[in-house]
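# Architecture at a glance
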Amino acid sequence: MIKDKIKTGIPGLDDMLDGGLIPGRAYVVSGTSGTGKTTLAMQFLLEGARNAERVLYISLDEPPNEVVENMRSYSWDIGPIQVFDATPDILSYDKTPVRDVSTERKVVYFRDSGDQIRLTSDRSPADVTINTIQEMLKQEMKVRKYSRIVIDSLTALRYFYIRTSEENSSMISFFRLLSDIGVTCLVTVQLPEISKPDVETHMARGEIRLHKWFDGRGLMRGVTIEKYRGSSHDHRLRMVKISSDGIVVKTMVAEKQEPIPEDVAPKVEKVEPATAHHEGPSPSTPGESAGSSPQDTPTPPDEHQGTGGGGI
Amino acid sequence: MKIISRCRASTGIPGLDEMLGGGLIPNRPYVVSGTSGSGKTTLGIQFLQQGVRLGERALLVAIDEPPAEIRENVRALGWDVGKIRILDVHPAAKAYSKRVSLVEVAAQRSVASLREAGPTAKAEAMKQASPEISVQSLQLMLKQELHESPYSRVVIDSLTSLKKLSETMEDMNASIMSLLRFLSESMVTSLIITDLPDPTELEPEIFISRGEMRLHKRMVAARLDRWITIEKLRGSAHDTMPRPMTISATGISIDPRKKIPKTSLKMLQAFTQYAR
């Protein structure tokens, strides 16, 4: 039933995922701002491009020229990745007719995307909604068979393209579309500093969460697999390094942090209801494995615990 | 001061450019957040003043305070800020008469330089029937102003007030996205001033902005401790440590080599750990 897994291209992460991602499904990459979501997604697409696959980056929060500029600090070249600029136009606030973005804009290679911001046309701003993006995806999939798609970010889609009243139903139908088109998708989700489970992580087939925190010596980074349907996976918080080669996941489990008074800092585990997470038999949560309890006994770092639910 | 790389916009705050890896990447929107009295407006004006010093045109969108008050406040710091242009959107004299349309609002905007902003200007503003102020109408006002004369630096002080003034919460996110997009397309490097964000909420402006500088203050015994953190900066290496900050007669300055006192660090650590 389960097809061969595909590699994410991030050193160390495939090991955590017990070999990689099950193809044809949608996964969430979550984290607060600046944790490396876009970088991780780019490495995922580059891995596909290296294998001569068709890969597509749908840019929703940053214009492509800025993405190119931001990624310039890495040693790799995102030129061979195709990009669709789905950033919204300036609103004109008058009643000029708007055009459907899926007919107005084209998928291009990053290397052809230009170094200036696309300017809103005076005459007819394009209307970007969740529906037009769905339409665009369907059309694109008919013409070209993509094997990897990144949507960066789903948070922007949710904030700027959906009317609040239909937010959840729109998100659910969007995930349905992603599974219908059968492409391995990474969708990025930006979390607030204190987060609670939300519909997108519930709908996704898996969630890779990036963390950063401050421990007195400086900024620390880590990654956890919060959820992975139909596959065994690593349940612990692993250290992450971001260098000019991109994200690298270390085999080292994140170190215990300094104890802090109870009244100042309740544990994150209390904030998050555990329901939306692991269906696997292991009760371990990433927070615990990070060593928040002093009696936590060390476990071998290469151990993969539990299999995900998903009715396998 | 360090030599600023040519492709970065210098903030004019000693020490801050170094924390930012050379300065701000131009033509992008950034957020300055902090509690009241943490120095957000001061930072914004210093940023504009640096623009003027470099021969750029700089615009302050004054929403929280009327221009005359801002002028008095910065005069206390002994600065000459005469060349900063100011767009007065202070809702001092809200007239509860008839509603005016957005187009009329745009026509009523007034831009004066800070030098001119005197009590008379304030009185004049009071007399005017002040129109509705919203994220939408600000974008339209700015569009008209920037169409006539291009600016390279804009400070919006503050978006928090603007959001509260905007009567319709509907499509607020899309309007903010549109405003920031407009500033980017107009080749403006902008600072958006906001209150300290609620950690359980993802504010759209913080999420869309390409960087966030956060100002902190705390009373430690009888001393007021101030520090600054760079919460995010897209496309650039930056200092991830909190650095001590002082506000003196010459404005804000940051010591990018010093660490903040242990007591303050503890508080910050507790907060980020809680946040995780």
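Residues numbered from 1 in each chain as written. Chains lettered and ligands numbered in written order. Predicted model: local features only at pLDDT ≥ 70, side-chain atom pairs only at ≥ 80, totals over all residues.

## So, the overall build of chain A
- Per the secondary structure count, chain A includes 10 helices and 14 strands.
- Among the 312 residues that make up chain A, the fraction classed as buried is 45%.
- Within chain A, residue pairs in contact and separated by at least 24 positions form 76% of the contacts whose partners lie at least 6 positions apart. (Helix = DSSP H or I, 4+ residues; strand = E, 2+ residues; numbered from the N terminus. Buried ≥ 20, exposed ≤ 12 C-beta atoms within 10 Å, placed from the backbone. Contact = placed C-beta atoms within 7 Å.)

## Comments concerning the overall build of chain B
- Counting its regular elements, chain B contains 10 helices and 10 strands.
- Split into buried and exposed, the 276 residues of chain B put 50% on the buried side.
- Long-range contacts, defined as pairs at least 24 residues apart, comprise 76% of the intrachain contacts of chain B with a sequence gap of at least 6.

## Some thoughts on the confidence of the model for chain B
All names here are of chain B.
- Mean pLDDT over chain B works out to 80, with 78% of the residues at or above the 70 mark.
- Model confidence for chain B, summarised as mean pLDDT per element, is weakest for helix H4 (residues 102-107) at 42 and strongest for strand S6 (residues 189-194) at 97.
- Here residues 93-107 scores under 50 on pLDDT; set against residues more than four positions off or in separate chains, the count is 25 contacts.
- Between residues 122-130, whose pLDDT stays under 50, and residues either more than four places distant or in other chains, the model counts 18 contacts.
- Scored as a complex, the prediction yields pTM 0.80 and ipTM 0.77. (pLDDT = per-residue confidence, 0-100.)

## Comments concerning the sheet that holds strand S7 (residues 148-152) of chain A
Residues and elements named next belong to chain A.
- The strand order S5-S3-S2-S7-S8-S1-S9-S10-S12-S13 describes an open sheet built from 10 strands, whose pairing is mixed. Two strands lie at the open edges of the sheet, namely strand S5 (108-109) and strand S13 (246-253), each paired on one side alone.
- The sheet contact formed by strand S2 (residues 55-59) and S7 spans 5 bridges and is parallel. Considered in S7, the bridge of Leu56 is made with Ile149. (Pairing = 2+ DSSP bridges.)

## Section: the packing of helix H5 (residues 130-143) of chain A against helix H7 (residues 167-181) of chain A
Residue and element names in this part refer to chain A.
- Close contact between H5 and H7 brings their axes to 11 Å; oriented N to C, the two are set at 5°. Judged by the angle between their axes, H5 and H7 are roughly parallel. Residues Ile130, Gln134, Leu137 and Met141 of H5 lie in contact with H7, whose contacting residues are Ser170, Phe174, Leu177 and Ile181.
- Broken down by class, the residue content of the contact of H5 with H7 amounts to 6 nonpolar, 2 polar and no charged. (Axes fitted to C-alpha atoms, helices over the stretch in contact; angles between N-to-C directions. Parallel < 35°, antiparallel > 145°, perpendicular 65-115°, else oblique. Nonpolar A, V, L, I, M, F, W, Y, C, P; charged D, E, K, R; others polar.)

## Describing the pairing of S7 of chain A
- The element S7 of chain A is largely enclosed, with a buried count of 5 among its 5 residues.
- Burial along S7 of chain A is two-sided: Arg148, Val150 and Asp152 of chain A facing one way and Ile149 and Ile151 of chain A facing the other are all buried.

## As for helix H6 (residues 135-148) of chain B
- If you check H6 of chain B, its first and last C-alpha atoms are 20 Å apart, about what 14 residues at 1.5 Å a residue would give, namely 20 Å.
- The set of residues buried in H6 of chain B consists of Val135, Gln136, Ser137, Leu138, Gln139, Leu140, Met141, Leu142 and Glu145 of chain B. (Expected span 1.5 Å × (residues − 1).)

## So, the confidence of the model for chain A
- In the predicted model, chain A carries a mean pLDDT of 79, and the fraction of residues at 70 or more is 75%.
- Low pLDDT, under 50, characterises residues 258-312 of chain A; the stretch is placed with 78 contacts to residues that sit more than four places away or in other chains.

## Overview of H5 of chain A
Residues and elements named next belong to chain A.
- The end-to-end C-alpha distance of H5, which contains 14 residues, comes to 20 Å, matching closely the 20 Å that a straight helix rising 1.5 Å per residue would cover.
- Buried within H5 are the following residues: Ile130, Thr132, Ile133, Met136, Leu137 and Glu140. The buried residues of H5 occupy one face: seen down the axis, they fall within an arc of 160°. (Arc of directions from axis to C-beta.)

## A word on the environment of Ile247 of chain A
Residue and element names in this part refer to chain A.
- Along the chain, Ile247 falls in strand S13.
- Exposure remark for Ile247: the 25 C-beta atoms within 10 Å place this residue in the buried category.
- When the C-alpha positions of Ile247 and Arg236 are compared, they lie 17 Å apart, and in sequence the two are 11 residues distant.

## Looking at the environment of Ser186 of chain B
Residue and element names in this part refer to chain B.
- By the element assignment, Ser186 lies in the loop between helix H8 (172-185) and S6.
- Overall, Ser186 belongs to the buried group, with 20 C-beta atoms counted inside 10 Å.
- Considered as a pair, Ser186 and Ser248 are 62 residues apart in the sequence and their alpha carbons are 34 Å apart.

## Digging into the packing of H6 of chain B against H8 of chain B
All names here are of chain B.
- Contact geometry for H6 and H8: axes closest at 9 Å, N-to-C directions at 20°. As the angle between them shows, H6 and H8 are arranged roughly parallel. Regarding H6 and H8, the two cross each other, and that crossing is left-handed. In contact with Val135, Gln136, Leu138, Gln139, Leu142 and Lys143 of H6, H8 contributes Met172, Ser175, Ile176, Ser178, Leu179 and Phe182.
- Looking at side-chain class alone, the contact of H6 with H8 contains 7 nonpolar, 4 polar and 1 charged residues. (Left-handed = near helix turned anticlockwise from the far one by under 90°.)

## Section: unusual backbone geometry
- Note that the residue after Asp152 of chain A, namely Ser153 of chain A, is joined by a cis bond; omega there is 5°.
- By the secondary structure assignment, Ser153 of chain A is in the loop between S7 and helix H6 (154-160).
- Following Asp157 of chain B, the chain continues into Ser158 of chain B via a peptide bond in cis, with omega recorded as 0°.
- Counting through the fold element by element, Ser158 of chain B comes out in the loop between strand S5 (153-157) and helix H7 (159-165).
- At Asn27 of chain B, a residue that is not glycine, the phi angle is positive and equals roughly 65°.
- Its place among the elements puts Asn27 of chain B in the loop between helix H1 (16-19) and strand S1 (29-34).
- Here Met187 of chain B, not a glycine, exhibits a phi torsion of approximately 60°, which is positive.
- Within the fold, Met187 of chain B resides in the loop between H8 and S6.
- Classification of Met187 of chain B by C-beta neighbours within 10 Å gives partly exposed; the count is 14.

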